[in-house]
Amino acid sequence: MRKYLKFAIIIVLAVICSIPCHGQDKTIKRKVAIGRFSNETQYGKGLFYDKDNDPMRKQALDILSTKLAATGKFILLEREDLEILVKESEKMDKIGADYIILGSITEFGRKNEGHNKVFSSTKTQTVEAGVSVRLVETSSGLIIYSDEAKGYAETTTKQTLGIGGSAGYDATLSDKAIEMALNQLVENIVNKCMDKPWKAYILSIDDGVYTISGGASQGLAAGDTFPVYKKGKVVKNPQTGMNIELPGAKTGTLTVIQCIGDTPENEISFCSYEGAEVSEEKLMDYYISDK
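Residues numbered from 1 in each chain as written. Predicted model: local features only at pLDDT ≥ 70, side-chain atom pairs only at ≥ 80, totals over all residues. Heavy atoms only, no water.

Caption draft 1: Looking closely at the nonpolar core. Leu64, Leu68, Val131, Ile178 and Ile189 are the most contacted members of the largest nonpolar core, which totals 33 residues. Mapped onto this core, the elements with two or more residues apiece are strand 1 (30–34), helix 2 (55–70), strand 4 (99–116), strand 5 (120–137), strand 6 (142–160) and helix 4 (172–195). Take this core: its biggest share by element is eleven residues, from helix 4. With sequence-adjacent residues up to four places away left out, leucine 64 is seen in contact with Ile34, Phe37, Ile101, Leu182, Val186 and Ile189. Among the nonpolar cores identified, the runner-up in size contains 18 residues, and Tyr210, Cys271, Leu283 and Ile288 belong to it. (Core = buried A, V, L, I, M, F, W, Y, C linked by side-chain atoms within 4.5 Å. Buried < 20%, exposed > 50% of the residue type's maximum accessible area, 1.4 Å probe, protein only. Helix = DSSP H or I, 4+ residues; strand = E, 2+ residues; numbered from the N terminus. Contact = heavy atoms within 4.5 Å.)

Here's what the structure looks like:
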C-alpha cells in the first residue's frame, strides 16, 4: 500500500508544480569538465619551474571557464583527477560530464621594438600566443573537435621632449593575447556541444516511477517531456577499425514529475513513462534525449 501512496504523492506534486513544457523546445545545459591547460612553450620555465603552478596555464583555464560560463549553456565541473581519468577511456563515463575540454598553450613570444627620433621616441610591446583545444565526448571517448588559434596583443607608448607615458613591462598583454586566441575557439566549442543531442540515462525504475540523471541546474523542470530510445546495434567499421553505434529506436516518452538534488553531480529527476516496456535488468541499453 505504501508504494502506491508514494507514487500518488509524487503525481500530486507534479500537478501542483508543473508548468507545461516540452524538452524539445528548451535548451538543456551540457556538463563540461575543463582539463588543466598545459604550457608546451619554454617561456618562463626556469630551473625551479613548477608545472602545477604555471601562471600561463592558469590564465588560459580561467579565461576559458569565464567565457563558457558567460554563454549560459554549460555547467562547468572541476575534476582534480581529470588528467588520470582521460588516459583511461573506460572511466570517462564516470567523470559525470558530457564533454571534456583539453587545452595547451603551444606558442608564446614577446618582443619590444623602439624608435628614437630627434624630439620623440616610441616603444611597442607585442605578445603572440598560440592555443590548441580538443573536445572529447565522454560517452564515446572520441575527439569531436580539435583546433588551434593565435592571438596578438600590443601596446605602444610615445614620448615627445621627454613628456609622455613610460614603457614599463606590461604583464596584461599575455592575458589579452591568450584571450584573443580563445575567442576564436569558444564559438566552435559551443556549437559542437549544442549541436549534439543532450543525453541522460535511466538510473532505476521503482513502482512505476522512472529515476533519471539530470535536474534543475541543467534546465529540467516538472512537465518536460523527452523521448526514450533503445541503443542501436554496435558495428565495426572495417576501414577505421572503430566501433560505431547505430541510431537508436524510440520506445516511449518520459515526463518529468519532480527534480531533486542540490548540486549538478547529485541531481536526479522522477518521471512517468508511456511506451513499450523497458527492461529493468538492462537499463544501460536505454537513453533519454532532447532531440
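Additional details are given in the paragraphs that follow.
Caption draft 2: Seen up close, helix 2. For helix 2, spanning 16 residues, the distance from its first C-alpha to its last is 22 Å, which sits close to the expected 22 Å at 1.5 Å a residue. Here helix 2 has its buried residues at Met56, Arg57, Ala60, Ile63, Leu64 and Leu68. The buried residues of helix 2 occupy an angular sector of 130 degrees when the element is viewed end-on, so they sit on one face. Exposed residues pointing more than 90 degrees away from the buried face of helix 2 are listed as Pro55, Thr66 and Ala70. Glycine 72 sits one or two residues past helix 2 and shows a positive phi near 75 degrees. (Expected span 1.5 Å × (residues − 1). Arc of directions from axis to C-beta.)

Caption draft 3: Fine view of the environment of aspartate 98. Here aspartate 98 is to be found in the loop between helix 3 (82–85) and strand 4. The spacing of aspartate 98 and isoleucine 75 is 23 residues in sequence and 9.9 Å in space, taken between C-alpha atoms. Residue contacts for aspartate 98: discarding those within four places in its chain leaves Arg30, Lys31, Val136, Glu137, Thr138, Lys199 and Gln218.

Caption draft 4: Highlighting a negative patch on the surface. Among the surface-exposed residues, Asp206, Asp207, Glu277, Glu280 and Glu281 lie close enough to one another that they form a single negatively charged patch. Position of aspartate 207 relative to the elements: it lies in the loop between strand 9 (202–206) and strand 10 (209–213). Classification of aspartate 207 as partly exposed rests on a relative accessible area of 42%. (Patch = residues over 30% accessible without salt bridge, like charges linked within 9 Å, V, L, I, M, F, W, Y side chains within 5 Å. Areas by Shrake-Rupley, 256 points an atom, 1.4 Å probe, with all protein chains shown as cover. Salt bridge = Lys/Arg side-chain N within 4 Å of Asp/Glu carboxyl O. Lys, Arg positive; Asp, Glu negative; His and termini not counted. Charge placed at Lys NZ, Arg CZ, Asp CG, Glu CD.)

Caption draft 5: Main features of the packing of aromatic side chains. The full count for this structure, using the stated rule, is three aromatic pairs. Pairing tyrosine 210 with tyrosine 273 gives two aromatic rings, centres 4.9 Å apart and planes at 35 degrees, and the pair type is tilted. Of this pair, tyrosine 210 sits in strand 10 while tyrosine 273 sits in strand 15 (residues 268–275), and the two are 63 residues apart along the sequence. Given a relative accessible area of 9%, tyrosine 210 falls into the buried group. Sitting over the ring of tyrosine 287, lysine 199 keeps its end group 4.4 Å from the ring centre. (Phe/Tyr/Trp six-rings, centres within 6.5 Å; stacked < 30°, edge-to-face > 60°. Lys NZ or Arg CZ within 6 Å of the ring centre and 35° of its normal.)

Caption draft 6: Summary view of the side chain of serine 174. Relative to the helices and strands, serine 174 is located in helix 4. We classify serine 174 as buried; its relative accessible area is 8%. Beyond its immediate stretch of four places on either side in the chain, serine 174 contacts Gln59, Phe108, Arg110 and Val127.

Caption draft 7: A nonpolar patch on the surface, seen in detail. Residues Val235, Ile244 and Leu246 make up a contiguous nonpolar surface patch of roughly 200 Å² in combined accessible area. Inspection of the secondary structure puts valine 235 in strand 12 (residues 234–236). Given the relative accessible area of 30%, valine 235 is considered partly exposed.

Caption draft 8: Examining the environment of valine 131 more closely. Topologically, valine 131 is positioned in strand 5. Accessibility expressed as a relative area gives 0% for valine 131, which makes it buried. As a C-alpha pair, valine 131 and serine 38 span 93 residues in sequence and 9.9 Å in three-dimensional space. When sequence neighbours within four positions are dropped, the list of residues in contact with valine 131 reads Phe37, Ser104, Thr106, Asp147, Glu148, Ala149, Ile178, Ala181, Leu182 and Leu185.

Caption draft 9: Fine view of the packing of helix 2 against helix 4. At their nearest, the axes of helix 2 and helix 4 sit 9 Å apart, and the two run at 45 degrees to each other. Between helix 2 and helix 4, the interaxial angle falls into the category oblique. In the packing of helix 2 onto helix 4, the handedness of the crossing is right-handed. For the pair formed by helix 2 and helix 4, the contact residues are Met56, Gln59, Ala60, Ile63, Leu64, Lys67 and Leu68 on the first element and Ser174, Asp175, Ile178, Glu179, Leu182, Asn183, Val186, Ile189 and Val190 on the second. Here the contact of helix 2 with helix 4 is composed, by residue class, of ten nonpolar, three polar and three charged. (Axes fitted to C-alpha atoms, helices over the stretch in contact; angles between N-to-C directions. Parallel < 35°, antiparallel > 145°, perpendicular 65-115°, else oblique. Left-handed = near helix turned anticlockwise from the far one by under 90°. Nonpolar A, V, L, I, M, F, W, Y, C, P; charged D, E, K, R; others polar.)

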